[in-house]
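# Per-entry structural report
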Amino acid sequence: MAAGLRKRGRAGAGAAARAAGRCEQWLRRAWQERRLLLVEPRYTLLVAACLCLAEVGITFWVIHRVAYTEIDWKAYMAEVEGVINGTYDYTQLQGDTGPLVYPAGFVYIFMGLYHATDRGTDIHVAQHIFAVLYLATLLLVFWIYHQTCKVPPFVFFFMCCASYRVHSIFVLRLFNDPVAMALLFLSINLLLAQRWGWGCCCFSLAVSVKMNVLLFAPGLLFLLLTQFGLRGALPKLSLCAALQVILGLPFLLENPVGYLSRSFDLGRQFLFRWTVNWRFLPEPLFLHRAFHLVLLAAHLLLLLLFALCRWHRTGESILSLLKDPSKRKVPPQPLTSNQIVSTLFTSNFIGICFSRSLHYQFYVWYFHTLPYLLWAMPARWLTHLFRLLVLGLIELSWNTYPSTSCSSAALHMCHAVILLQLWLGPQPFPESTQHSKKAH
């Protein structure tokens, strides 16, 4: 027995030595190629590790040195306290800033935060929880970028350490938007791992925290149809719907109309004073229903154009997506990481561009996707410097408070540049699909 233990010990030590040797060899090679370290996507994980370590210090410095600003946290706590006290009628749940307008997943998650922070009174603990959430979100985002291997690592500095507004949204304001986006990025990682069922569950959970995640839904639907056809996609879609029903069941049993009308209110009116993207419009036009319908029509039209001309390129009718993949004329090909990510990120970005209003906390809806949108499918006329300028102008627009006509116009111009290069730039489809198309 002793001899066996010694053999296992030597084997374990040998494995550890080999792993250490490989790590040392990789680091030595990285040092030798240090000039490429910031421009070669294969070094994403190394740069990400350094940036995450820096972010630990930056985030906790922000918590201890920059004053917390109360906006919605007390309202969140008052809303979930009503549920804790036995009120399940959504029309009776409200906080200081108005009625509860988020789905049931929000209630359960913030109920946990309510208990973890001494009924919401220990702001310091809440900030540290959100700091951990911020770091976890970064890890999930970096893992997505590592798998796509498209974005030069130097860009990640601007995605982390350089954004004051995003740090503020996470640890100085404690909004629910970061919670929804963390779950969304977890969902995308699961989709990239081909865990479609679990990915759809996490996607539905993200929707149950905040409805903005539905902006990714057209892209997800397209991917499901591409991968499985209609019959194969229906169980995944049913899973998403079933999770929403299960989470909302206590409230649906009490007042189903009240729950659905409050938590999934697509017609909710936004205040002009908080808009970041439409400040240059007259307020009556901003509030007019006709303007909202025009935006919705433009949103749907652009999604349709991207689906027909950019996402679906097999040469068959887009209705072929409804068929079982094995029965299509063009042999089905596995979805690549870049197909999945580009479709989802583009779907969300189109929704952002035509949103009726963007408030300051909404920046996290697409902030972490901007490097991919700018660098993964670049048009030839977009230099690194020009793309950094676009990122900088977007950051400046979101940091201008209160927003001005100029900041809103600059934001729309940057969005237009990104949309244009998404339309004109190369699309990340696998070579096998292209070859199949030519053969067909």
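By the naming in an unreviewed UniProt entry, the protein chain is Dol-P-Man:Man(5)GlcNAc(2)-PP-Dol alpha-1,3-mannosyltransferase, taken from Echinops telfairi. Note on the protein chain: under the UniProt heading Pathway (unreviewed entry), the record states "Protein modification; protein glycosylation." Taken directly from UniProt, the Subcellular location (unreviewed entry) text for the protein chain runs: "Endoplasmic reticulum membrane".

Check the secondary structure of the protein chain and you find 18 helices and 2 strands. Radius of gyration (C-alpha) of the protein chain: 24 Å, near the 22 Å computed for a compact globule of 440 residues. Projected onto its principal axes, the C-alpha coordinates of the protein chain cover approximately 65 × 60 × 50 Å. Within the protein chain, buried positions represent 50% of all 440 residues. Just so you have it, the protein chain exposes about 20600 Å², and 66% of that area is on carbon and sulfur atoms. Where the 37 positive side-chain charges of the protein chain centre and where its 20 negative ones centre are 15 Å apart.

Another aspect to go through is the nonpolar core. Of all hydrophobic cores here, the largest spans 126 residues; its most connected members are Trp-73, Phe-110, Phe-345 and Ile-394. With 11 residues, helix H5 (residues 123-148) is the largest single contributor of residues to this core. Aside from chain neighbours lying at most four places away, what touches Trp-73 is Tyr-68, Phe-110, Leu-113, Thr-117, Gly-120, Ile-123, Ala-126, Phe-130 and Leu-174.

With that out of the way, let us pick up the pattern of salt bridges. The full count for this structure, using the stated rule, is 2 salt bridges. With a shortest N-O distance of 3.3 Å, Glu-40 and Arg-42 are connected by a salt bridge. Since its relative accessible area comes to 41%, Arg-42 is described here as partly exposed. Residue Asp-177 is joined to Lys-210 by a salt bridge in which the shortest nitrogen-to-oxygen separation is 2.8 Å.

In total, this model carries 36 aromatic pairs according to the counting rule given. Ring centres of Phe-362 and Trp-365 lie 4.1 Å apart, and the angle between their planes is 15 degrees; this geometry places the pair in the stacked category. Comparing Phe-362 with Trp-365 shows no difference in burial state: the two are buried. With 5.1 Å between their ring centres and 70 degrees between their planes, Tyr-363 and Phe-367 make a pair best called edge-to-face. For Phe-367, a relative accessible area of 5% gives the class buried. Following the ring pairs from residue to residue traces out a cluster consisting of Trp-73, Tyr-76, Tyr-102, Phe-106, Phe-110 and Phe-130. The cationic tip of Arg-279 hangs over the ring face of Phe-272; the distance from NZ or CZ to the ring centre is 4.9 Å.

Overall, the predicted model of the protein chain reaches an average pLDDT of 89, with 90% of residues at or above 70. The low-confidence segment residues 430-440, where pLDDT is below 50, has 15 contacts with residues more than four positions distant or belonging to other chains.

A few words on H5. With 26 residues, H5 extends 37 Å between its outermost C-alpha atoms, agreeing within 8% with the 38 Å of an ideal straight helix rising 1.5 Å per residue. The positive-phi residue at the C-terminal boundary of H5 is Cys-149, with phi of around 55 degrees.

A cluster of nonpolar side chains, contributed by Leu-301, Leu-305, Trp-381, Phe-386, Leu-389, Leu-393, Leu-396, Leu-420, Trp-423 and Leu-424, occupies part of the molecular surface with about 900 Å² of accessible area. For the nonpolar patch, the secondary-structure elements that each account for two or more residues are helix H13 (289-311), helix H16 (384-399) and helix H17 (405-424). Of the residues forming the nonpolar patch, the biggest block, 4 residues, is contributed by H16.

The next subject is the packing of helix H10 (residues 217-254) against helix H11 (residues 256-263). Interaxial distance between H10 and H11 falls to 5 Å at its minimum, and their mutual angle equals 125 degrees. Taken as axis vectors, H10 and H11 run oblique relative to one another. Of the residues in H11, those touching H10 at Gly-248, Phe-251, Leu-252 and Glu-254 are Pro-256, Tyr-259 and Leu-260. Grouping the constituent residues of the contact of H10 with H11 by class yields 5 nonpolar, 1 polar and 1 charged.

Mapped onto the secondary structure, Val-125 falls in helix H5. Residues Val-125 and Leu-230 lie 105 residues apart in sequence; the distance between their C-alpha atoms is 46 Å.

Cis geometry marks the peptide bond from Tyr-401 to Pro-402; its omega dihedral reads -10 degrees. The residue Pro-402 is located in the loop between H16 and H17 in this model. Within the chain, Arg-119 stands out as a residue other than glycine whose phi angle is a positive 60 degrees. Considering the arrangement of structural elements, one finds Arg-119 in the loop between helix H4 (104-116) and H5. The backbone of Leu-174 sits at a positive phi, close to 60 degrees, despite the residue not being glycine.

Running from N to C, helix H8 (residues 177-192) and helix H9 (residues 196-207) cross one another at 170 degrees; their axes reach a closest spacing of 8 Å. With respect to H9, the element H8 is oriented roughly antiparallel. Packed against H8, whose contacting residues are Ala-180, Leu-183, Leu-184, Leu-186, Ser-187, Leu-190 and Leu-191, the element H9 presents Trp-196, Trp-198, Gly-199, Cys-200, Cys-202, Phe-203, Leu-205 and Ala-206 at the interface. Residues belonging to the contact of H8 with H9 are distributed by class as follows: 13 nonpolar, 2 polar and no charged.

What counts, and at which threshold
Residues numbered from 1 in each chain as written. Predicted model: local features only at pLDDT ≥ 70, side-chain atom pairs only at ≥ 80, totals over all residues. Heavy atoms only, no water. UniProt positions renumbered as here; feature names shortened; annotations may be inferred. Helix = DSSP H or I, 4+ residues; strand = E, 2+ residues; numbered from the N terminus. Rg over C-alpha atoms; globule rule 2.2 N^0.38 Å. Buried < 20%, exposed > 50% of the residue type's maximum accessible area, 1.4 Å probe, protein only. Areas by Shrake-Rupley, 256 points an atom, 1.4 Å probe, with all protein chains shown as cover. Lys, Arg positive; Asp, Glu negative; His and termini not counted. Charge placed at Lys NZ, Arg CZ, Asp CG, Glu CD. Core = buried A, V, L, I, M, F, W, Y, C linked by side-chain atoms within 4.5 Å. Contact = heavy atoms within 4.5 Å. Salt bridge = Lys/Arg side-chain N within 4 Å of Asp/Glu carboxyl O. Phe/Tyr/Trp six-rings, centres within 6.5 Å; stacked < 30°, edge-to-face > 60°. Lys NZ or Arg CZ within 6 Å of the ring centre and 35° of its normal. pLDDT = per-residue confidence, 0-100. Expected span 1.5 Å × (residues − 1). Patch = residues over 30% accessible without salt bridge, like charges linked within 9 Å, V, L, I, M, F, W, Y side chains within 5 Å. Axes fitted to C-alpha atoms, helices over the stretch in contact; angles between N-to-C directions. Parallel < 35°, antiparallel > 145°, perpendicular 65-115°, else oblique. Nonpolar A, V, L, I, M, F, W, Y, C, P; charged D, E, K, R; others polar.

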